[in-house]
Every structure is written in C-alpha cells, then in structure tokens.
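Fold and geometry: a report
Residue strings, one per chain:
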Amino acid sequence: MGEMDIRVIKTIESIQESFLCCLSEVGFLNMTVKNITEKARINRSTFYKYYADKYDLRDKYVDDVITDFVDHLDVAFLQMNEITLESYFEDLRNSLEAFWGKQREYLVLWSSNLQERNVFEEMIDGGVKKLVGEFEKNPNIRKTKRPYFSLYARLFLGNMMVSVRWWFTEGRQVSSDEFTRLMILHMGNGIYDTLRDGQQR
C-alpha cells in the first residue's frame, strides 16, 4: 500500500469519525457538511472528493459497518455436534470482542435517526442472510427445515443483538469471558437444539 493510499484511508476515517461525533452532538437531520468538515479539519473539496453529500456518507459508512459486523459474526457453531464451553468459547469470545471494540460506534448508530436507515435492524438482516446461507450448506440440517431457516436465523440474531445491546449498556461490568459463557449456555439450550434436533424426527 502506497503513502497516498494510507492518506486516503486516514482521510476517510477522519470523515467517518467526524460524522459519528456530529450524530451524537446534533443528530443527522441537523448535521451539515460544514459541521463534518470543520470537525475533521478538512476543506469541503476534500469531502466532496469522496462523498456526494451527507446522505452518501451515511450510506457508505453504514454499509461498511454492516459488512464488518457480518464478517465478524461467527457461525462455526453450526458445524459442531454439540455447543459446549470447551468447544465454542474461543470462537464466540473473539467474535463478541470484535463487537465490543465497536461499542461506541454501534450505540451511536443504533440510537440515531438516520432517515431510511435502521442500523440495528440492518445488522440483524445481514446476519440472517449469512446464517441462512450457512443453514443451506450444512449437511447436518435437513432440507425439510428450509421453510423455517429465516425464522431460526432471525430468532438467533434478534436474541443475540438484544443481548449485545444489553451488554453495551446495562451489562458493561460483565467481562467478555462471562458474557461469552452466558451466551453459550443460552445457545446450547435454545434455538441451536431446536434446529438440529428436528433433523432426526
């Protein structure tokens, strides 16, 4: 990667960080390009080199956030015969810690009125697509379950996202190790068994 590429990345990151700050301070509706450029300490021409307007910035930024979330959403448990603390702890903890590292970003985006974009729901939708794709490839899940794939995926993602939001707000004192343990215990006794057990009936 050349020096120019690094400068471009840093500029975009600065614009996105300024966008996030402006969301917290004035909200999306009241935000202007001037607010963003002043906070990022760049001129308007630099902003317009990468984005058409604040809506274009919103869409590209949110799309990146959703893509990153889906990339870090772990689905290794679907290949396991049984979910246990020993078999799944490390994989799930790594995934949850990646989300924890985005805590501030997620909370601002989840609580902001972004007009036509609901980041919390879009994260669930993106995760559902990933899970359904994994269900379809998994030989251990009978195809007779196909009509319910999106339901199981949505139940899992909805539960997980509500739990993560709780962790970020009310449960901040809970360590990543403890939260991972709680999630695994819940997964092992919930939707995972419902999905897998049905194949043998």
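Residues numbered from 1 in each chain as written. Predicted model: local features only at pLDDT ≥ 70, side-chain atom pairs only at ≥ 80, totals over all residues. Heavy atoms only, no water.

With that settled, the discussion passes to the state of the cysteines. All chains considered together, the criterion is met by 0 disulfides. As a non-bridged cysteine, C21 has C22 as the owner of its nearest cysteine sulfur, 6.9 Å distant. (Disulfide = S-S within 2.5 Å.)

For the rest of this paragraph, the subject is a nonpolar patch on the surface. Judged by side-chain polarity, Y148, L151 and L155 come together as a nonpolar surface patch covering roughly 290 Å² of accessible area. Counting through the fold element by element, L155 comes out in helix α9 (residues 149-169). (Patch = residues over 30% accessible without salt bridge, like charges linked within 9 Å, V, L, I, M, F, W, Y side chains within 5 Å. Areas by Shrake-Rupley, 256 points an atom, 1.4 Å probe, with all protein chains shown as cover. Salt bridge = Lys/Arg side-chain N within 4 Å of Asp/Glu carboxyl O. Helix = DSSP H or I, 4+ residues; strand = E, 2+ residues; numbered from the N terminus.)

Before going further, it helps to spend a moment on the packing of helix α6 (residues 85-100) against α9. The N-to-C vectors of α6 and α9 enclose an angle of 55°; their axes lie 11 Å apart at closest approach. When the interaxial angle is binned, α6 and α9 end up oblique. You can see that α6 and α9 cross each other, and the crossing is right-handed. Where α6 abuts α9, its residues L96, F99 and W100 lie against M160, V164, W167 and F168. Across the contact of α6 with α9, the residue classes break down as 7 nonpolar, no polar and no charged. (Axes fitted to C-alpha atoms, helices over the stretch in contact; angles between N-to-C directions. Parallel < 35°, antiparallel > 145°, perpendicular 65-115°, else oblique. Left-handed = near helix turned anticlockwise from the far one by under 90°. Contact = heavy atoms within 4.5 Å. Nonpolar A, V, L, I, M, F, W, Y, C, P; charged D, E, K, R; others polar.)

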